[in-house]
Amino acid sequence: MCIRDRKAAAGTEGRIVELYRGIIAVDPGSQEATLGMAAGYLGVGKCFHEGAEYERALANYEQAAELLSGMLAVEGARAVASERLVTVLTLRSSVFEELGRYEEAVADVSRIIDLETEPVSWPIKLARLRVLVGQYVQGTDEARALLEELRNADSYNAACVFSLAVAAVIADESITDLERTTLADDYLKQTIACLKKAQASGYFAEKEKVELLSSDSDFDAVLNESAFAKFLEELRAPGASRH
């Protein structure tokens with residue numbers, strides 16, 4: 001969407017917010033108006049998000065989250081409010097991650113898991129964020145506990161967890177050299193094992209995903225490791241099985 005279109009869309013959503021604000025002023029208990037106002041803030045936030053105006057996006061996501069959180073205790077509105085709040089938190093957590101505000105992203109993803117009856121991919125995403133905030137032991141422990149049930153993209157995300165843990169443990173000055181080497185080797189092995197599981201489930205069937213692997217910054221710490229280079233070379237080989 002071009003800048004002009006984003007501004008127009010943000011203006012439209014902003015007018016929707018003001019419309020519902022007026023309705024709420026007259027009828028403070030209107031569930032429809034509160035949900036509509038939250039949707040307006042979400043729409044404005046998405047416009048700023050797409051334009052990389054992250055602070056303005058966050059301000060609007062915050063307003064939407066606050067309104068929807070207040071609706072969770074309202075009889076008859078919880079299901080809709082919860083579903084929409086998950087959408088807001090999903091977008092907001094991605095902004096937090098883009099800005100390197102990983103602890104806030106952890107909080108949002110943790111809340112999503114609490115709200116969702118079947119959180120699906122969120123637990124492994126939370127494990128990845130834990131590593132990014134320096135909690136690599138907890139993050140990798142959580143990833144290990146999920147390994148058996150992971151499939152496809154989630155196996156790839158698990159590989160990200162362990163690869164990022166390699167970088168984290170290398171930078172950890174609180175452990176001995178022996179511990180550092182032992183953990184780094186273990187995390188590297190887990191990285192390759194998860195990538196092979198992703199391959200077996202068909203994740204790398206598309207050539208674009210093979211190339212993404214070599215440019216994904218989550219794998220910077222293992223990019224020059226022989227085991228990773230071998231796996232990548234095998235994926236790229238003519239006639240290689242990617243599933």
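A few points on the structure. Numbering of residues starts from 1 in each chain and follows the order in which that chain's sequence is written. Reporting in this predicted model follows two pLDDT cut-offs: at least 70 for local features of residues, and 80 or more for side-chain atom pairs to be given and counted; totals over whole chains, interfaces and linings ignore these cut-offs and use all residues. Note that the side-chain values use all heavy atoms of the structure and ignore hydrogens as well as water.

1. Notes on the overall build of the chain
(1) Moving on: Counting from the N terminus, the helices are DSSP H or I runs at least four residues long and the strands are E runs at least two residues long. In terms of regular secondary structure, the chain is built from eleven helices and zero strands.
(2) Moving on: Overall, the chain shows an N-to-C arrangement of helices and strands of α-α-α-α-α-α-α-α-α-α-α.
(3) Moving on: The rule is simple: take the accessible area with a 1.4 Å probe, protein chains only, and divide by the maximum for that residue type; under 20% is buried, over 50% is exposed, in between is partly exposed. A total of 243 residues make up the chain; the buried ones form 43% of that total.
(4) Moving on: Contact definition: two residues touch when any of their heavy atoms are within 4.5 Å. Restricting to contacts in the chain with at least 6 residues of sequence separation, those with at least 24 account for 59%.

2. Side note on the packing of helix H7 (residues 136-146) against helix H8 (residues 153-171)
(1) Moving on: Whenever a helix is involved, its axis is fitted only over the stretch in contact; in every case the axis is a line through C-alpha atoms, and angles between N-to-C directions fall within 0 to 180 degrees. H8 packs onto H7 with a crossing angle of 160° between their chain directions and a minimal axis gap of 10 Å. With respect to H8, the element H7 is oriented roughly antiparallel. With respect to the hand of their crossing, H7 and H8 are arranged in left-handed fashion. Together, Tyr136, Gly139, Thr140, Ala143 and Arg144 of H7 and Val161, Phe162, Ala165, Ala168 and Val169 of H8 make up the contact between the two elements.
(2) Moving on: Lys, Arg, Asp and Glu make up the charged group, whereas Ala, Val, Leu, Ile, Met, Phe, Trp, Tyr, Cys and Pro make up the nonpolar group; the residues left over, Gly among them, are polar. Class assignment of the residues belonging to the contact of H7 with H8 gives a composition of seven nonpolar, two polar and one charged. Oblique is the label for any angle not covered by the other classes, which are roughly parallel (under 35 degrees), roughly antiparallel (over 145) and roughly perpendicular (65 to 115). When the near helix sits turned anticlockwise from the far one by under a right angle, the crossing is termed left-handed; a clockwise turn instead gives a right-handed crossing.

3. Some details on the packing of aromatic side chains
(1) Moving on: Aromatic rings from Phe, Tyr and Trp, taking only the six-membered ring of Trp, are treated as a pair when their centres fall within 6.5 Å; an angle between ring planes under 30 degrees marks them as stacked, one over 60 as edge-to-face, and anything in between as tilted. Using the criterion set out here, one finds eight aromatic pairs in the structure.
(2) Moving on: Considering the side-chain rings of Tyr156 and Phe204, the 6.2 Å spacing of their centres and the 65° angle between planes classify their relative orientation as edge-to-face. One end of the pair, Tyr156, is in helix H8; the other, Phe204, is in the loop between helix H9 (177-200) and helix H10 (207-215), with 48 residues separating them in the sequence.
(3) Moving on: Arranged with centres 5.7 Å apart and planes meeting at 25°, the rings of Phe219 and Phe228 form a pair that is stacked. Across the pair, exposure class does not vary: Phe219 and Phe228 are buried alike.
(4) Moving on: Linked through ring pairs, Tyr156, Tyr203, Phe204, Phe219, Phe228 and Phe231 together constitute an aromatic cluster.
(5) Moving on: The ring of Trp122 is capped by Lys125, whose NZ or CZ atom sits 4.6 Å from the centre of that ring. Only lysine NZ and arginine CZ atoms are considered, and such an atom sits over a ring when it is within 6 Å of the ring centre and within 35 degrees of the ring normal.

4. Structural notes on the pattern of salt bridges
(1) Moving on: By definition here, a salt bridge exists when the distance from a side-chain nitrogen of Lys or Arg to a carboxyl oxygen of Asp or Glu is within 4 Å. All chains considered together, the criterion is met by eleven salt bridges.
(2) Moving on: Residues Glu97 and Arg128 are paired through a salt bridge, measuring 2.5 Å at the closest nitrogen-oxygen approach. Of this pair, Glu97 sits in helix H4 (residues 78-98) while Arg128 is found in helix H6 (residues 122-132), placing the two residues 31 residues apart along the sequence.
(3) Moving on: Between Asp218 and Arg128 there is a salt bridge whose closest N-O contact spans 2.8 Å. Here Asp218 is found in the loop between H10 and helix H11 (226-236), whereas its partner Arg128 is found in helix H6, with 90 residues between them in sequence. For the residue pair Asp218 and Arg128, the accessibility class agrees, reading buried in each case.

5. A few points about the environment of Ser217
(1) Moving on: Along the chain, the position of Ser217 falls in the loop between H10 and H11.
(2) Moving on: Taking the C-alpha atoms as reference points, Ser217 and Ser163, separated by 54 residues in sequence, lie 9.8 Å from one another.

6. Focus: the nonpolar core
(1) Moving on: By nonpolar core we mean a set of buried residues, namely Ala, Val, Leu, Ile, Met, Phe, Trp, Tyr and Cys, connected to one another through side-chain atoms within 4.5 Å. Within the largest apolar cluster, 37 residues are counted, with the highest numbers of intra-cluster contacts made by Tyr156, Leu195, Phe204, Leu213 and Phe219.
(2) Moving on: For this core, the secondary structure elements donating two or more residues are H6, H7, H8, H9, H10 and H11.
(3) Moving on: Counting residues in each nonpolar core, the second largest holds 31 residues, with Ala57, Ala64, Val106 and Trp122 among its members.

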